[in-house]
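# Descriptive structure summary
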Amino acid sequence: MPSHAEAPPPPTPLREPVADSHTHLDMQSGTVEEGLAKAASVGVTTVVQVGCDVKGSRWAAETAAAHDAVHATVALHPNEAPRIVHGDPDGWSRQGARTAGGSGALDEALAEIDRLAALPQVRGVGETGLDHFRTGPDGKDAQERSFRAHIEMAKRHGKALVIHDRDAHADVLRILKEEGAPERTVFHCYSGDAAMAEICARAGYYMSFAGNMTFKNAQPLRDALAVAPLELVLVETDAPFLTPAPYRGRPNAPYLIPVTVRAMAAVRGVDEDVLATAISANTARAFDY
């Protein structure tokens, strides 16, 4: 039996190239060049590299500048904002334990994200949003303040807004309405149901589906995908996380996008080439490349 940590085999290549709209190359094994070559060999010719903190956002911008196949987004992840303000004594995040920096430290971090957001290879501001799963009531204010600041930045720089929404649908939608959403807004790893998909569709928000739409218990995601307008549908890995079935629990990477595309095509009842062509155009439009 292969070990659980072993990389899944490459899927049959797609005939129509697509983009991975959300990946974390900096958390994957192997070099960026290897990851991009493996992805391109199965028809995944473009990736959006997503920043989650200041250091990761700088890395995303540098990597996108060095590779034509990579576009960057920059942000403080919703769970990063409270860590900056209140500290992280457990060292849960990649930076290890941190002391509380207060709201001044959050302002400094946001100023650096704002600087990076102006760069031409940076096509989006995200992943930002709200995470009620990992952040308790004490961190909510910092998270919300950070989210509102990112929305403002995306609009000012004319960049896509990439949203992380975990157990926070109503609040995310409310804040987008209060602030006024940017022209191009993407719900990364879409996690709502069909009713929310209809709300997003009316607002013109893109919905990006990840490998978790293949999981047995993910019928609400499949129901949402079934009603989402084809022109608002994207695909992503969120690699190294959310590896699609039947490889759940093994490391994810952009080359596994075809597995999810085929599962999505089955849900939609369309040919995989039709879906891939639409996704490719949608991703280019969402991130303006």
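Each remark here, short or long, concerns the structure printed above.
Below is a summary of the structure that appears in this document. (Residues numbered from 1 in each chain as written. Predicted model: local features only at pLDDT ≥ 70, side-chain atom pairs only at ≥ 80, totals over all residues. Heavy atoms only, no water.)

### Examining the nonpolar core
- Of all hydrophobic cores here, the largest spans 80 residues; its most connected members are Phe147, Leu176, Phe187, Tyr190, Phe209 and Met264.
- Looking at this core, the element that brings in the most residues is helix H4 (residues 102-117), giving 6 residues.
- Setting aside its immediate chain neighbours within four residues, Tyr190 contacts Met196, Ala197, Cys200, Met207, Ser208, Phe209, Leu221 and Ala224. (Core = buried A, V, L, I, M, F, W, Y, C linked by side-chain atoms within 4.5 Å. Buried < 20%, exposed > 50% of the residue type's maximum accessible area, 1.4 Å probe, protein only. Helix = DSSP H or I, 4+ residues; strand = E, 2+ residues; numbered from the N terminus. Contact = heavy atoms within 4.5 Å.)

### Observations regarding the pattern of salt bridges
- Scanning the entire structure with this criterion turns up 17 salt bridges.
- Here Arg83 ties to Asp88 by a salt bridge, and the two come within 3.9 Å at their closest N and O atoms.
- The shortest N-O distance in the salt bridge between Glu152 and Arg156 comes to 2.7 Å. Of the two residues, Glu152 and Arg156 are both situated in helix H5 (residues 137-157); the distance of 4 residues between them amounts to about one turn of the helix. (Salt bridge = Lys/Arg side-chain N within 4 Å of Asp/Glu carboxyl O.)

### Brief notes about the environment of Ala65
- Topologically, Ala65 is positioned in helix H2 (residues 54-66).
- By relative accessible area, Ala65 is classed as exposed at 56%.
- Here the alpha-carbon distance between Ala65 and Thr237, two residues 172 residues apart in the chain, equals 21 Å.

### Concerning the sheet that holds strand S6 (residues 185-187)
- With parallel pairing, the 8 strands of this open sheet are ordered in space as S1-S2-S3-S4-S5-S6-S7-S8. Each end of this open sheet is capped by a strand with a single partner; those strands are strand S1 (18-23) and strand S8 (233-235). Across the sheet, the mean angle separating the axes of adjacent strands is 30° when strand polarity is ignored.
- Here 6 bridges tie strand S4 (residues 122-131) to strand S5 (residues 160-166), and the two strands are oriented parallel to one another. Across the sheet, the residue bridging to Leu130 is Asp165, located in S5.
- Lying on the sheet, H2 is in contact with strand S2 (44-50), strand S3 (70-74) and S4; it crosses S3 at an angle near 160°. (Pairing = 2+ DSSP bridges. Axes fitted to C-alpha atoms, helices over the stretch in contact; angles between N-to-C directions.)

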